[in-house]
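Spelled out from the first residue to the last, the chains are:
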Amino acid sequence: MHELSIALGIVDLAESEAKKAGGTTIESIELEIGELSGVEIDALEFAWSSATANTMLEKATKTIETFSREEQCALNVKQNLK
């Protein structure tokens, strides 16, 4: 289940950024995950509590926004045109 590794990576990144900003806890986190990412949302949800245990994210609220392959392709095109 690579979603545990993904969750652990998110925790590491979020904690690193929070510490840079002088934070000690993280109250909420918003994730945007595209259909083409290969991430299984249910598996990520399952792994989340293990990954966040005893971290700044342990009590944070998590919001996951998903977007379709069409939306992801449209976003990629926009970014490439800049």
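Residues numbered from 1 in each chain as written. Predicted model: local features only at pLDDT ≥ 70, side-chain atom pairs only at ≥ 80, totals over all residues. Heavy atoms only, no water.

## Structural notes on the overall build of the protein chain
This is how the line gets drawn: What counts as a helix is a DSSP run of H or I of at least four residues, what counts as a strand is a run of E of at least two, and both are numbered from the N terminus. Buried, partly exposed and exposed residues are distinguished by accessible area as a fraction of the type maximum, computed with a 1.4 Å probe on protein chains only: under 20%, between the cut-offs, and over 50%, respectively. Whether two residues touch is decided by their heavy atoms; if any such pair falls within 4.5 Å, the residues are in contact. To measure how exposed things are, a 1.4 Å probe is used in the Shrake-Rupley method; for residues, cover is taken only from the protein chains shown.
Within the protein chain, the secondary structure is distributed over three helices and two strands. Buried residues in the protein chain amount to 30% of all 82 residues. In the protein chain, 77% of the contacts between residues at least 6 apart in sequence involve partners at least 24 apart. A total of about 5,900 Å² of accessible surface is found on the protein chain, and carbon and sulfur atoms cover 51% of it.

## Details of the nonpolar core
Quick reminder of the rule: For our purposes a nonpolar core is just a set of buried Ala, Val, Leu, Ile, Met, Phe, Trp, Tyr and Cys residues, chained together by side-chain atoms within 4.5 Å.
Ile-26, Ile-29, Leu-31, Leu-44, Trp-48 and Leu-57 are the most contacted members of the largest nonpolar core, which totals 16 residues. Among the secondary structure elements, those contributing two or more residues to this core are helix H1 (2-20), strand S1 (28-34) and helix H2 (41-52). Every residue in contact with Leu-57, bar those within four places of it in the chain, is listed here: Val-11, Ala-14, Ile-26, Ile-29, Trp-48 and Thr-52.

## Considering the pairing of S1
How we decide: For two strands to pair, DSSP has to find at least two bridges joining them. Convention used here: a crossover is right-handed provided that the path from the first strand, over the helix, to the second strand proceeds clockwise when the strands point away from the viewer.
In this structure, S1 lies alongside strand S2 (residues 61-67), joined through seven bridges in parallel fashion. Looking at the pairing, Glu-32 lines up with Glu-65 of S2. Viewed along the sheet, the connection from S1 through H2 into S2 turns out right-handed.

## A closer look at a negative patch on the surface
Convention followed: Patch construction takes residues with relative accessible area above 30% that form no salt bridge. Like charges are linked within 9 Å, and nonpolar side chains (Val, Leu, Ile, Met, Phe, Trp, Tyr) are linked within 5 Å. Counted as salt bridges are all cases of a side-chain nitrogen of Lys or Arg within 4 Å of a carboxyl oxygen of Asp or Glu. For the purpose of counting charges, residues Lys and Arg are taken to be positive, whereas Asp and Glu are taken to be negative. His and the chain ends are not included. For this purpose, a charge sits on NZ of Lys, CZ of Arg, CG of Asp or CD of Glu.
On the surface, a cluster of negative charge is made up of Glu-30, Glu-32, Glu-65, Glu-70 and Glu-71. Position of Glu-70 relative to the elements: it lies in helix H3 (residues 69-81).

## Here we look at the side chain of Glu-15
Topologically, Glu-15 is positioned in helix H1. Apart from residues no more than four positions distant in its own chain, Glu-15 is found in contact with Ile-26, Thr-55 and Met-56.

## Description of unusual backbone geometry
Non-glycine residue Asn-54 carries a positive phi angle of around 60 degrees. On the secondary structure map, Asn-54 appears in the loop between H2 and S2.

## Description of H1
Counted only if it meets this: Working rule for helices: expected span equals 1.5 Å times residues minus one. What the arc covers is the set of directions going from the helix axis to the C-beta atoms.
Helix length check: H1 (19 residues) gives 27 Å between terminal C-alpha atoms against 27 Å at 1.5 Å per residue, within 8%. When we look at burial in H1, the residues that qualify are Glu-3, Ala-7, Ile-10, Val-11, Ala-14, Glu-15 and Ala-18. Angularly, the buried residues of H1 cover 125 degrees about the axis, an arc narrow enough to put them on a single face. Opposite the buried face of H1, at more than 90 degrees from it, the exposed residues are Ser-5, Asp-12, Leu-13, Lys-19 and Lys-20. Following H1 by one or two positions, Gly-22 adopts a phi angle in the positive range, close to 85 degrees.

## Regarding the pattern of salt bridges
Tallied over the entire structure, the rule returns two salt bridges. Residue Glu-17 is joined to Lys-20 by a salt bridge in which the shortest nitrogen-to-oxygen separation is 3.1 Å. Remark: Lys-20 and Glu-17 occur in helix H1; sequence separation between them is three residues, near one turn of the helix. With a relative accessible area of 62%, Lys-20 lands in the exposed category. A salt bridge links Glu-45 to Lys-62; the shortest N-O distance between them is 2.6 Å. Taken together, the residues span a long stretch of sequence, with Glu-45 in helix H2 and Lys-62 in strand S2 at a distance of 17 residues. Under the relative-accessibility criterion, Glu-45 is labelled partly exposed at 38%. Taking relative accessible area as the criterion, Lys-62 reaches 23% and is therefore assigned partly exposed.

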